[in-house]
Amino acid sequence: MPILIYLDEDDPRLKEYDQNPPNPAISFYIGKAVGLGGVYHWVYENFPQEKYYGFLGDDLIPQTDGWDEKLVEAAGDWNVAYPNDKFWEHGELATHPTLGGELVRHMGWLCYPALDRTYIDTVWHAVGTHRSALKWLPDVILEHMHPLKGKAPMDDTYAKIALHTAHDASLYQQFMREFQG
């Protein structure tokens, strides 16, 4: 499965990353720091015909063998498949989803326009719920090492999330009005 790693050009540790991985399925792109929503938009703009789309943050630790194949299979063409991230351990939110490519193209975006960082997976959860297309895989564990669960220290990246939450929440509410309207 192809893997694209998007690196911010202003990352102070950029030179420390090994950008010559032994696996030819892994490629790197170095671009502007555009926020998480911007990365989603860049991916969809540059790769609009993929069979599936998935996102893995740098704060996830896969613990299940074959996790990627299981998520891709469950996503199929039209589903929202998501793992047990041990944050939402009962599947309450489709975090870190793998999305069927046909579903993404039907929606016309990989990330609801203008979202910066939060509510991206909440929007996909709503889409999956509305279409009866949610596929939670409780036995596929990708542990989210998040400070709110005491699994990582608070840092600048997590602190930035708070700056965008109110803005993204209002966009999510707008999406829900349009989507359900």
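In what follows, the structure referred to is the one given above.
All of the points below concern the structure found in this document.

Calculation notes
Residues numbered from 1 in each chain as written. Predicted model: local features only at pLDDT ≥ 70, side-chain atom pairs only at ≥ 80, totals over all residues. Heavy atoms only, no water. Helix = DSSP H or I, 4+ residues; strand = E, 2+ residues; numbered from the N terminus. Rg over C-alpha atoms; globule rule 2.2 N^0.38 Å. Buried < 20%, exposed > 50% of the residue type's maximum accessible area, 1.4 Å probe, protein only. Pairing = 2+ DSSP bridges. Axes fitted to C-alpha atoms, helices over the stretch in contact; angles between N-to-C directions. Contact = heavy atoms within 4.5 Å. Lys, Arg positive; Asp, Glu negative; His and termini not counted. Salt bridge = Lys/Arg side-chain N within 4 Å of Asp/Glu carboxyl O. Polar contact = N/O pair within 3.5 Å; in protein donor to acceptor, adjacent residues only side chain to side chain.

**Some details on the overall build of the protein chain**
Inference 1: Each helix and strand counted, the protein chain has 5 helices and 7 strands in total.
Inference 2: Shown N-terminal to C-terminal, the secondary structure of the protein chain runs as helices and strands in the order β-β-α-β-β-α-β-β-α-α-β-α.
Inference 3: Relative to a compact globule of 181 residues, whose C-alpha radius of gyration would be 16 Å, the protein chain shows 16 Å and is just as compact.
Inference 4: Across its three principal axes, the protein chain shows a C-alpha extent of roughly 50 × 35 × 35 Å.
Inference 5: Residue burial in the protein chain is summarised as follows: out of 181 residues, 39% are buried.

**With respect to unusual backbone geometry**
Peptide bonds are trans in most cases, and residues, glycine excluded, mostly fall at negative phi.
Inference 1: Backbone geometry at K86 places phi at a positive 60°, although glycine is not the residue there.
Inference 2: Taking the relative accessible area as the measure of exposure, K86 reaches 25% and is therefore partly exposed.

**Topic: the sheet that holds strand β6 (residues 98-100)**
Inference 1: With mixed pairing, 5 strands are arranged side by side in an open sheet as β3-β6-β5-β7-β4. Strands with a single pairing partner mark the edges of an open sheet, and in this sheet they are β3 (52-54) and β4 (60-62). Each neighbouring strand pair of the sheet contributes to a mean axis angle of 35°, computed without reference to strand direction.
Inference 2: Summarising the sheet, β3 and β6 pair through 3 bridges and their orientation is antiparallel. Residue pairing in the sheet places G54 in a bridge with T98 of β6.
Inference 3: Across the face of the sheet, helix α2 (residues 67-75) comes into contact with β3, β4, β5 (80-84), β6 and β7 (134-144) while running at roughly 160° to β7.
Inference 4: Packed onto the sheet, helix α4 (residues 120-130) meets β5, β6 and β7 and runs at close to 155° relative to β7.

**Overview of the side chain of D168**
Inference 1: Tracing the backbone shows D168 in helix α5 (residues 156-180).
Inference 2: It is R117 that comes nearest to the buried, bridge-free D168 among opposite-charge side chains, at 7.1 Å.
Inference 3: There is a polar contact of 2.8 Å between the side chain of D168 and the backbone nitrogen of R117.

**Some thoughts on α4**
Given 3.6 residues per turn, any residue in an α-helix points the same way as the ones three and four places further on.
Inference 1: Taking burial as the measure, the 11 residues of α4 include 8 buried ones, the bulk of the element.
Inference 2: Residues of α4 that are buried include every one of I120, T122, V123, W124, H125, A126, V127 and G128, and no others.
Inference 3: Just beyond α4, the residue with positive phi is S132, at close to 55°.

**Concerning the pattern of salt bridges**
Inference 1: Across all of its chains, the model carries 4 salt bridges by this definition.
Inference 2: Between D77 and K51 there is a salt bridge, with the nearest N and O atoms lying 2.9 Å from each other. Residue D77 is found in the loop between α2 and β5, and its partner K51 is found in the loop between α1 (35-46) and β3; the two are separated by 26 residues along the sequence.
Inference 3: On the basis of relative accessibility, which here comes to 34%, the residue D77 falls in the partly exposed class.
Inference 4: A salt bridge links E89 to K86, with the shortest nitrogen-to-oxygen separation between them at 3.7 Å.
Inference 5: Since its relative accessible area comes to 37%, E89 is described here as partly exposed.

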